[in-house]
Amino acid sequence: VAFLFCFLSPIANADYYIIQKPILCGVLESFVKEIFKNYKETVFWVGTHQETQSNHVLLVNSKTQTWTILQIQNGVACILGTGTSNQFLLGQSLKD
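Read on for an overview of the structure. Bear in mind the structure is a predicted one, so any value in this text is a computation, not a measurement. (Residues numbered from 1 in each chain as written. Predicted model: local features only at pLDDT ≥ 70, side-chain atom pairs only at ≥ 80, totals over all residues. Heavy atoms only, no water.)

The helix and strand inventory of the protein chain stands at 2 helices and 5 strands. Helices and strands in the protein chain line up, N terminus first, as α-β-α-β-β-β-β. Going through the 96 residues of the protein chain one by one, you find that 20% of them count as buried. Excluding contacts between residues fewer than 6 apart, the proportion of contacts in the protein chain whose partners are at least 24 apart in sequence is 28%. Only carbon and sulfur atoms are counted for the fraction: they give 60% of the accessible area of the protein chain, which is about 8,200 Å². (Helix = DSSP H or I, 4+ residues; strand = E, 2+ residues; numbered from the N terminus. Buried < 20%, exposed > 50% of the residue type's maximum accessible area, 1.4 Å probe, protein only. Contact = heavy atoms within 4.5 Å. Areas by Shrake-Rupley, 256 points an atom, 1.4 Å probe, with all protein chains shown as cover.)

Structural data, given as structure tokens:
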């Protein structure tokens, strides 16, 4: 069955792999206070993962162009990514 799934699933033919990297996690309230205090970022977007019911949150400071992506569940926040520049590509395709 798994062999057949590989041919039927469009994702199975994609070039992807799993990586393990350290992720910083902590109490949600503390993280949000520190992010606002240090970077003046505010919530721009929130999405909920259907299976885990965790939230993914994008915080942005439009003046300085800094951003942070958090995954939040049960009062714990993990930083998935941060950066110092951004651009909004609504309706455009992703480019490397």
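The rest of the description comes next.
Right, let's get into the nonpolar core. A general feature of soluble globular proteins is that nonpolar side chains tend to end up buried together. With 7 residues, the main nonpolar core is built from Phe 31, Ile 35, Val 57, Leu 59, Leu 70, Ile 72 and Ala 77. Those elements that provide at least two residues to this core are helix H2 (28–39), strand E3 (55–61) and strand E4 (66–73). Discounting chain neighbours no more than four positions away, the residues touching Phe 31 are Leu 24, Cys 25, Gly 26, Leu 70, Ala 77 and Ile 79. (Core = buried A, V, L, I, M, F, W, Y, C linked by side-chain atoms within 4.5 Å.)

This next bit is on the side chain of Thr 66. Relative to the elements of secondary structure, Thr 66 occurs in strand E4. Judged by relative accessible area, Thr 66 falls into the buried class, the value being 11%. Here the side chain of Thr 66 touches Thr 64 through a polar contact of 3.2 Å, side chain to side chain. With sequence-adjacent residues up to four places away left out, Thr 66 is seen in contact with Tyr 39, Glu 41, Leu 59, Val 60, Asn 61, Gly 83, Thr 84 and Asn 86. (Polar contact = N/O pair within 3.5 Å; in protein donor to acceptor, adjacent residues only side chain to side chain.)

On to the packing of aromatic side chains, then. Counted under the stated rule, the structure contains 0 aromatic pairs. The ring of Phe 36 has Lys 40 sitting right over it, with the charged end atom 5.8 Å from the ring centre. (Phe/Tyr/Trp six-rings, centres within 6.5 Å; stacked < 30°, edge-to-face > 60°. Lys NZ or Arg CZ within 6 Å of the ring centre and 35° of its normal.)

Here we take up the pattern of salt bridges. Here the structure, examined in full by the defined rule, presents 2 salt bridges. Note that Lys 33 and Glu 29 form a salt bridge whose closest N and O atoms lie 3.4 Å from each other. Of this pair, Lys 33 and Glu 29 are both found in helix H2, 4 residues apart, which corresponds to roughly one turn of the helix. A relative accessible area of 54% places Lys 33 in the exposed class. Its relative accessible area of 53% is what places Glu 29 among the exposed residues. For the salt bridge of Glu 34 with Lys 37, the shortest nitrogen-to-oxygen distance reads 3.9 Å. Of the two residues, Glu 34 and Lys 37 both sit in helix H2, 3 residues apart, roughly one turn of that helix. (Salt bridge = Lys/Arg side-chain N within 4 Å of Asp/Glu carboxyl O.)

On their own, these measurements won't tell you what the molecule is for.
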